[in-house]
Amino acid sequence: PSRTPQGLDAVIDISAHTTVSDFRLVRASNILAVIHKASEGDFYADPMCAERRSQAEAAGLLWGTYHFGKGDSSGAQQAAFFLDSSRPGPRTLLALDLEPNEGDPSNSMTREQAEAFVQAVASATGRLPLIYVHPTWANGGAGITPGSILARCGLWVVDYHASPTIPRAWATSGWRLWQYASDDYARRRA
């Protein structure tokens, strides 16, 4: 919120649970891009993703999609489902949301599953997705090391502080996107 007066273009991530009345108004408010949830696990495809892509692109917004990783199926299966759900074009930003599954922690995607996901996406598209991760999870529960294929992916760091903590695996490359606020964060600050 305090960064808006600085004139920074911003990226928003949304899903079917987010109300968007007009993507032209989104773009007019200094938003540069939308990253939309495309899938979760190997069973849930966001029903609004495809429809919103054409609306967002028509409004002049850049487009991206993300997959929420789960632990109950292989990374390769989830990657195939994500790509089928997302139907990315050559300019579509791709991302893997790698975080603890709050509803069922035992069903969180493991580092090995995430690595298989990234490998499958890279094999199919010729490019690595971004990794959306909180520094505590990256350094702890996920155990991402600098030698992992995950560390070769761009970092979309989620950290709601004045400046982000960079996970060890990305210490030399830094972040490409920084999520510094969420709806919950904005409500707490209001």
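Since we're looking at a predicted model, the values are computed, not measured.

## Some remarks on the overall build of the protein
Piece 1. Along its length, the protein carries 6 helices and 8 strands.
Piece 2. Seen in sequence order, the protein has helices and strands lined up from the N terminus as β-α-β-β-α-β-α-β-α-β-α-β-β-α.
Piece 3. Its C-alpha atoms give the protein a radius of gyration of 16 Å, near enough to 16 Å, the size a compact globule of 190 residues would have.
Piece 4. Projecting the C-alpha coordinates of the protein onto the three principal axes gives extents of approximately 40 × 35 × 30 Å.
Piece 5. Accessible surface for the protein amounts to roughly 9700 Å². Of this, 52% is attributable to carbon and sulfur atoms.

## Digging into the confidence of the model for the protein
Piece 1. Looking at the protein, the pLDDT average stands at 91 and 91% of residues meet or exceed 70.
Piece 2. Segment residues 1–7 is flagged for pLDDT under 50; beyond a separation of four residues in sequence, or across chains, it makes 9 contacts in the model.

## Here's the deal with the nonpolar core
Piece 1. Residues Leu98 and Ile131 are the most contacted members of the largest nonpolar core, which totals 37 residues.
Piece 2. Of all the elements, helix α4 (residues 111–125) adds the most residues to this core, at 4 residues.
Piece 3. Sequence-distant contacts of Leu98, defined by excluding residues within four places in its chain, comprise Met109, Ala114, Ile131, Tyr132, Val133, Trp137, Ala142, Ile144 and Leu150.
Piece 4. Ile35, Tyr66, Tyr132 and Leu177 belong to the second-largest nonpolar core, a separate cluster that totals 8 residues.

## Thoughts on the packing of aromatic side chains
Piece 1. The final tally for this structure, using the stated rule, is 5 aromatic pairs.
Piece 2. Taking the centre distance of 6.4 Å and the plane angle of 85° together, the rings of Tyr66 and Trp156 count as edge-to-face. One end of the pair, Tyr66, is in strand β4 (residues 62–68); the other, Trp156, is in strand β7 (residues 155–158), and 90 residues separate them in sequence. For the residue pair Tyr66 and Trp156, the accessibility class agrees, reading buried in each case.
Piece 3. Geometrically, the ring pair formed by Trp178 and Tyr180 is edge-to-face, given 5.5 Å between the ring centres and 65° between the ring planes.

## Thoughts on the packing of helix α3 (residues 75–86) against α4
Piece 1. Relative to each other, α3 and α4 sit at 45°, their axes nearing to 7 Å. On the basis of their axis angle, the class for α3 and α4 is oblique. Judged by the sense of rotation from one axis to the other, the crossing of α3 with α4 is right-handed. Of α4, the residues touching α3 (which contributes Gly75, Ala76, Gln78, Ala79, Phe82 and Leu83) are Gln113, Ala116, Phe117, Ala120, Val121, Ala124 and Thr125.
Piece 2. Partitioned by chemical class, the residues of the contact of α3 with α4 number 9 nonpolar, 4 polar and no charged.

## Overview of the environment of Asn101
Piece 1. Along the chain, Asn101 falls in the loop between β5 (93–97) and α4.
Piece 2. By relative accessible area, Asn101 is classed as buried at 8%.
Piece 3. A sequence separation of 33 residues divides Asn101 from Phe68, and the C-alpha atoms of the two residues are 9.1 Å apart.
Piece 4. Once you skip the residues sitting within four places of it in the chain, Asn101 turns out to touch Phe68, Lys70, Asn107 and Ser108.

## Brief notes about the environment of Leu177
Piece 1. For Leu177, the location among the structural elements is in strand β8 (residues 177–179).
Piece 2. Looking at Leu177, the relative accessible area reads 18%, which means it is buried.
Piece 3. Setting aside anything within four residues of it in sequence, one finds Leu177 in contact with Val11, Ile35, Leu130, Leu155, Trp156 and Val157.

Conventions used here
- Residues numbered from 1 in each chain as written.
- Predicted model: local features only at pLDDT ≥ 70, side-chain atom pairs only at ≥ 80, totals over all residues.
- Heavy atoms only, no water.
- Helix = DSSP H or I, 4+ residues; strand = E, 2+ residues; numbered from the N terminus.
- Rg over C-alpha atoms; globule rule 2.2 N^0.38 Å.
- Areas by Shrake-Rupley, 256 points an atom, 1.4 Å probe, with all protein chains shown as cover.
- pLDDT = per-residue confidence, 0-100.
- Contact = heavy atoms within 4.5 Å.
- Core = buried A, V, L, I, M, F, W, Y, C linked by side-chain atoms within 4.5 Å.
- Buried < 20%, exposed > 50% of the residue type's maximum accessible area, 1.4 Å probe, protein only.
- Phe/Tyr/Trp six-rings, centres within 6.5 Å; stacked < 30°, edge-to-face > 60°.
- Axes fitted to C-alpha atoms, helices over the stretch in contact; angles between N-to-C directions.
- Parallel < 35°, antiparallel > 145°, perpendicular 65-115°, else oblique.
- Left-handed = near helix turned anticlockwise from the far one by under 90°.
- Nonpolar A, V, L, I, M, F, W, Y, C, P; charged D, E, K, R; others polar.

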